Amino acid sequence: MVQRTLDTIDGSVLYGVARAGKVDLDVRPGWRHEQTLLGLSAVSVPGAGVTTMAMPVLGYLTPGDCGPGSFAVRYAASEPAHEAWQADADGNIWELLPGPVLLNAFGGDPTGAANCATALAKAAAWAAAVGGEVHGKKGAVYRLNTKVTLASGFRLIGNGASFDFTSAAAEEAIALSNNANGMVIDDWAFTLARTGQKAIKTARVDDLLIDNVRVAKGSLIQVIPDAAPTTAADQS
């Protein structure tokens, strides 16, 4: 078997060895593992503690849930401000690196059977913190029982997947705060529960891109106008 360099992440060389029809990935020669990010809780990582150190994983919660291909985690000196991290057996913290990651990895059910509102909120927090992208799986249906508020901008790419919004309330499926600058929502379908609902409601956001988004029932977007400026006359 010949060891070959697969990629370089944060200055750390990743190695791969073909074995039994799959590829084992190493952060350094001579050390191989087949773990998810969650599975690192039972693993001691040789040489951990280098801030530029990265290593590959098979997924986040289960193998393959991040999407096709390999994904990587990096050493973190402290707990990140998102939930996509795991402490290994020695207490070292590893967080999921930026990249296109499926909503499935954060607990999103692609069959439409379970509520994915919490999964979308977790994925959004990770993407905003590290500069990652959250993707839908082609053909998947992600059910949202309640609206999800996105506080920061990131890339939310559907690849033809859909959100099934089941709330009966007069509310939107996704609300964007005025800090969600640079938000991209592309190639999604929304199925709303009733007419009068909105797929997306947004405050004033800079560099907002909504492209190739389709809506069944309701309408696509509601933009909240800026509040009128306060004048001296208003205060008297």
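Here the structure is a predicted model, which means the values were calculated and not measured. (Residues numbered from 1 in each chain as written. Predicted model: local features only at pLDDT ≥ 70, side-chain atom pairs only at ≥ 80, totals over all residues. Heavy atoms only, no water.)

Visitor: Lay out the side chain of Thr202 in plain terms, naming residues and giving numbers.
Guide: Within the element layout of this structure, Thr202 appears in strand E18 (residues 198–202). Given a relative accessible area of 2%, Thr202 falls into the buried group. When sequence neighbours within four positions are dropped, the list of residues in contact with Thr202 reads Leu176, Leu208, Ile221, Gln222, Val223 and Ile224. (Helix = DSSP H or I, 4+ residues; strand = E, 2+ residues; numbered from the N terminus. Buried < 20%, exposed > 50% of the residue type's maximum accessible area, 1.4 Å probe, protein only. Contact = heavy atoms within 4.5 Å.)

Visitor: I'd like a description of the sheet that holds strand E17 (residues 189–191), backed by residues and values.
Guide: The strand order across the open sheet built from five strands is E9-E11-E14-E17-E20, with neighbouring strands paired in parallel fashion. Of all strands in the sheet, those bounded by a partner on one side alone are strand E9 (111–115) and strand E20 (214–216). For this sheet the average axis-to-axis angle between neighbouring strands, irrespective of direction, equals 20°. Direction of pairing for strand E11 (residues 141–144) relative to strand E14 (residues 162–165): parallel, over a ladder of four bridges. Across the sheet, Val141 pairs through a bridge with Ser162, a residue of E14. (Pairing = 2+ DSSP bridges. Axes fitted to C-alpha atoms, helices over the stretch in contact; angles between N-to-C directions.)

Visitor: Give a description of unusual backbone geometry that names residues and reports values.
Guide: One non-glycine residue, Asp187, adopts positive backbone phi at about 60°. For Asp187, the location among the structural elements is in the loop between strand E16 (184–186) and E17. One non-glycine residue with positive phi stands out, namely Asp207, at about 60°. Secondary-structure assignment places Asp207 in the loop between E18 and strand E19 (209–211).

Visitor: Can you break down the packing of aromatic side chains residue by residue, with the values?
Guide: Overall, the coordinates contain seven aromatic pairs when judged by the stated rule. Aromatic side chains Phe163 and Trp188 sit 4.1 Å apart centroid to centroid with 10° between the ring planes, which places their arrangement in the stacked category. Placement of the pair is Phe163 in strand E14 and Trp188 in the loop between E16 and E17, with a sequence separation of 25 residues. Overall, Trp188 belongs to the buried group, its relative accessible area being 0%. Ring-pair connections join several aromatic residues into one group, and the members of that group are Tyr142, Phe163, Trp188 and Phe190. (Phe/Tyr/Trp six-rings, centres within 6.5 Å; stacked < 30°, edge-to-face > 60°.)

Visitor: Please provide a residue-by-residue account of helix H1 (residues 117–130), values included.
Guide: Between its terminal C-alpha atoms H1 stretches 20 Å, which fits the 20 Å expected from 14 residues at 1.5 Å a residue. Within H1 the residues assigned to the buried category are Ala117, Ala119, Leu120, Ala123, Ala124, Trp126, Ala127 and Val130. Gly131 lies just past H1 and shows a positive phi near 80°. (Expected span 1.5 Å × (residues − 1).)

Visitor: Any chance you could break down the confidence of the model for the protein chain for me, citing the residues and the numbers?
Guide: Summary statistics for the protein chain give a mean pLDDT of 81 and a share of 78% for residues scoring 70 or more. Predicted confidence is poor over residues 1–32, with pLDDT under 50, and the contacts of this stretch with residues over four places away or in other chains come to 83 contacts. Overall, residues 227–236 carries pLDDT values under 50, and its contacts beyond four positions in sequence, including any with other chains, amount to two contacts. (pLDDT = per-residue confidence, 0-100.)

Visitor: Go over the sheet that holds E16 with me, naming the residues and quoting the values.
Guide: Ordered by their spatial adjacency, five strands build an open sheet running E8-E10-E13-E16-E19, and the pairing between neighbours is parallel. Pairing within the sheet leaves two strands with one partner each, and these edge strands are strand E8 (100–102) and E19. Neighbour-to-neighbour, the strand axes of the sheet open up by a mean angle of 15°, direction not taken into account. Sheet topology note: the strand E13 (residues 155–157)/E16 ladder contains three bridges and is parallel. Its bridge partner being in E16, Arg155 is matched across the sheet by Val184.

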